[in-house]
Amino acid sequence: MNIAIIDYESGNISSVINSFKKASSNLNIEIKIEVTSDSKKILSSDKIILPGQGSFKNCIKSLEKIEGLKDILNRFAIIEKKPLFGICVGMQMFADKGFEETETKGLGWISGNVKKINNKNNQFKLPHIGWNELSFNSDSKLFKGIKEKSHVYFVHSYKFIPDDEKLISSRTNYSEEIVASVEKENIFGTQFHPEKSDIIGLKVIENFIKL
Amino acid sequence: MLKNRIIPCLDVKNGRVVKGINFIDLKDVGDPVEQAKIYSDGGADEICFLDITASNENRDTIYEVVERTSKKCFVPLTVGGGIRSIEGINKLLKCGADKVSINTAAVRNPEFIIQSAKKFGSQCIVVAIDAKKNNNRWEVFTHGGQNKTGIDAIEFAKKMENCGAGELLVTSMDRDGTQFGYDINLMSKISSKVNIPVIASGGVGNLDHLVDGIKLGKASAVLAASIFHYGRFSVKEAKEYLDSKGIPVRI
């Protein structure tokens, strides 16, 4: 299986590579991981991972800096409907719009907005950093074999609010209800970092590899 | 509900653990990677390496340690010690570190924190504040606690938050190594002043100190070194104890 990690200089991906290697060896499935922004390589892969760190605005900007990359991602995920996994800001970018720093147009794959977590007049510290519990909203292929209230690792100050509640596969609670993951046909996203979420995170990655 | 984190810290010198324990199943007691793996298997919420390598020619040893650790441990890994350039951060992150902890360079040049947070995101920039009590205030120290700066620790904490630090790792120099417990006043003063998570460090001698750090010191996470190194308590025991005291932890 060929998996491409989209390379658009959006932060640290070493952990993502390592966790996918570990998950595939747990499954005994051979995978080839390529970190790339090359359109041919992306389109010929079976699955892609869209990582993302930093601000929504900067991630979108970096994505747009690479000529044709947005179109290639659209073709892969929307036209060819091949599995795509967005992590953290990688997931947030599915939205129509983000409001970090300034209003920025997203990829528009899952309609909704990305807004700052309401920390109730500083009663809650931001970023939301650490291990928090998942509560499932719908049956998700990503969470097969994972128990309700399992802990995963979050680090973010902004949250994705999809218009369609049915596309939310899990939530967590920090000062308010926060979307922890979304799923729309072949498009998967987690606000948390599966690559840093120990055994549960590896299980999520294994489930994605098995799709 | 967000859980309070327990972070074991390992001092690493020339690629080797300085104060190691004798776990029976360890092949190499001095290998930071094996120790880190034991901690993460035991439920550590994060792992912290403090690189105390003094000589420049051996400074590269930490990269190899980080690279090997990130292939075995799938919890966040923070690395601190001697980080003073964007390239240095970049190299550590490329090797698999998730966060870097910056101390002396943050005091010397706060602009460095602004630039690093801009480039890598606040989520991976931890500012380590070493503070020592002086009359009614706490003063920031640098160079592993050797140099006075005259800077007020609480004001400095606020400044670092404004510069874009994602977390603060606060160590009491008065308590570090004493096993008398965290400096609760220092922790709670800083924690109430800033709106980013504070990691308490310095002075843990028993499990009640961890409880105090969270309950009284209002820390989001507690860091400890020797109580775990010398095998007095495992991470699992620490978590079970915190849980029994009503502190939310990941078990």
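Described below are features of the structure shown in this document. (Residues numbered from 1 in each chain as written. Chains lettered and ligands numbered in written order. Predicted model: local features only at pLDDT ≥ 70, side-chain atom pairs only at ≥ 80, totals over all residues. Heavy atoms only, no water.)

Our focus in this paragraph is the sheet that holds strand E5 (residues 97-98) of chain A. All names here are of chain A. Spatial ordering of the open sheet is given by E6-E5-E7-E11, a layout of four strands whose pairing is mixed. Two strands bound the open sheet, and with one partner strand each, they are strand E6 (104-105) and strand E11 (158-162). Relative to E11, strand E7 (residues 112-116) runs antiparallel, the two sharing five bridges. From the neighbouring strand, Lys 115 faces E11, where its bridge partner is Lys 159. (Pairing = 2+ DSSP bridges. Helix = DSSP H or I, 4+ residues; strand = E, 2+ residues; numbered from the N terminus.)

All names here are of chain A. If you walk across this open sheet you meet the eight strands as E2-E1-E3-E4-E14-E13-E12-E9, and the pairing is mixed. Looking at which strands have only one partner, the edges of the open sheet turn out to be strand E2 (32-36) and strand E9 (135-136). With three bridges joining them, strand E3 (residues 47-50) and strand E4 (residues 84-87) adopt parallel strand pairing. Opposite Leu 50, over in E4, you have Gly 86 as the bridge partner. Packed onto the sheet, helix H1 (residues 14-27) meets strand E1 (2-6), E2, E3 and E4 and runs at close to 165 degrees relative to E2. (Contact = heavy atoms within 4.5 Å. Axes fitted to C-alpha atoms, helices over the stretch in contact; angles between N-to-C directions.)

On to the environment of B:Asn195, then. Looking at where B:Asn195 falls in the secondary structure, it is placed in the loop between helix H7 (184-193) and strand E10 (198-201). Here the alpha-carbon distance between B:Asn195 and B:Gly166, two residues 29 residues apart in the chain, equals 9.7 Å. Other than its neighbours up to four places away in sequence, B:Asn195 contacts A:Asn119, A:Asn122, A:Phe124, A:Lys125, A:Leu126 and B:Glu161.

This part takes up helix H8 (residues 207-215) of chain B. Among the residues making up H8(B), those that are buried are B:Leu207, B:His209, B:Leu210, B:Val211, B:Gly213 and B:Ile214. Residues of H8(B) that are buried sit in contact with strand E1 (5-13), H7, strand E11 (221-224), helix H9 (226-229) and helix H10 (235-244) of chain B. (Buried < 20%, exposed > 50% of the residue type's maximum accessible area, 1.4 Å probe, protein only.)

What follows covers the packing of H8(B) against H10(B). Residue and element names in this part refer to chain B. Packing of H8 against H10 leaves a shortest axis separation of 10 Å and a crossing angle of 55 degrees. It follows that H8 is oblique to H10 by the angle criterion. Considering how the two elements wind past one another, H8 and H10 form a crossing that is right-handed. Packed against H8, whose contacting residues are Leu 207, Asp 208, Leu 210, Val 211 and Ile 214, the element H10 presents Glu 237, Ala 238, Tyr 241 and Leu 242 at the interface. Split by residue class, the contact of H8 with H10 holds seven nonpolar, no polar and two charged. (Parallel < 35°, antiparallel > 145°, perpendicular 65-115°, else oblique. Left-handed = near helix turned anticlockwise from the far one by under 90°. Nonpolar A, V, L, I, M, F, W, Y, C, P; charged D, E, K, R; others polar.)

Here we take up the state of the cysteines. A covalent bond bridging the sulfur atoms of two cysteines is what the word disulfide describes. Scanning the entire structure with this criterion turns up zero disulfides over all chains. The structure places no disulfide on B:Cys124, whose sulfur is separated from the nearest cysteine sulfur, that of A:Cys88, by 12 Å. (Disulfide = S-S within 2.5 Å.)

So, about unusual backbone geometry. Across the junction of A:Leu126 and A:Pro127, the peptide omega takes the value 0 degrees, indicating a cis bond. Structurally, the position occupied by A:Pro127 is in the loop between E7 and strand E8 (128-133). Here the phi dihedral of A:Ser175 falls at roughly 70 degrees; this positive angle occurs in a residue that is not glycine. Along the chain, the position of A:Ser175 falls in the loop between strand E12 (168-174) and strand E13 (176-184). A positive phi angle, close to 65 degrees, is found at B:Gln179, a residue other than glycine. Within the secondary structure layout, B:Gln179 lies in the loop between strand E9 (167-172) and H7. Since its relative accessible area comes to 32%, B:Gln179 is described here as partly exposed.

Further remarks concern the interface of chain B and chain A. Facing 34 residues of chain B, the contacting portion of chain A comprises 30 residues. In total, about 2,500 Å² of surface goes out of reach between chain B and chain A, with carbon and sulfur atoms giving 51% of it. Together, B:Leu2, B:Phe74 and B:Asn195 form the three largest contributors to the area buried by chain B at its contact with chain A, with a combined 31%. Where chain B packs against chain A, one counts three salt bridges. Salt-bridge contacts for A:Lys196 lead to B:Asp98; the nearest nitrogen and oxygen are separated by 2.8 Å. Put simply, chain B and chain A have 22 residue pairs in polar contact (both at pLDDT 80 or more) between them. The set of elements that each furnish at least two residues to the side of chain B that touches chain A consists of helix H2 (61-72) and helix H3 (86-95) of chain B. When residues in the side of chain B that touches chain A are grouped by element, the largest group, three residues, is from H3(B). (Buried area = accessible area lost by both parts, 1.4 Å probe. Salt bridge = Lys/Arg side-chain N within 4 Å of Asp/Glu carboxyl O. Polar contact = N/O pair within 3.5 Å; in protein donor to acceptor, adjacent residues only side chain to side chain.)

The end-to-end C-alpha distance of H2(B) is 18 Å, a good match for the 16 Å that twelve residues give at a rise of 1.5 Å each. Those residues of H2(B) that sit buried are B:Ile62, B:Tyr63, B:Val65, B:Val66, B:Thr69 and B:Ser70. When H2(B) is viewed along its axis, its buried side chains cluster within an angular range of 160 degrees and face the same direction. Buried residues along H2(B) sit in contact with H1 of chain A together with E1, helix H1 (32-41), strand E3 (47-51), strand E4 (77-80) and H3 of chain B. (Expected span 1.5 Å × (residues − 1). Arc of directions from axis to C-beta.)

It is worth spelling out the nonpolar core at this point. B:Phe49, B:Ile102, B:Leu168 and B:Leu210 are the most contacted members of the largest nonpolar core, which totals 76 residues. In terms of residues, this core owes the most to one element, helix H6 (residues 153-163) of chain B, which gives six residues. Here B:Leu210 is in contact with B:Ile6, B:Tyr182, B:Val204, B:Val222, B:Ala224, B:Ile227, B:Ala238 and B:Leu242, once residues within four sequence places are set aside. Formed by 58 residues, the second largest nonpolar core is a distinct cluster that contains A:Phe76, A:Leu84, A:Met91 and A:Val114. (Core = buried A, V, L, I, M, F, W, Y, C linked by side-chain atoms within 4.5 Å.)

As far as function goes, none of this settles anything; it's purely spatial.
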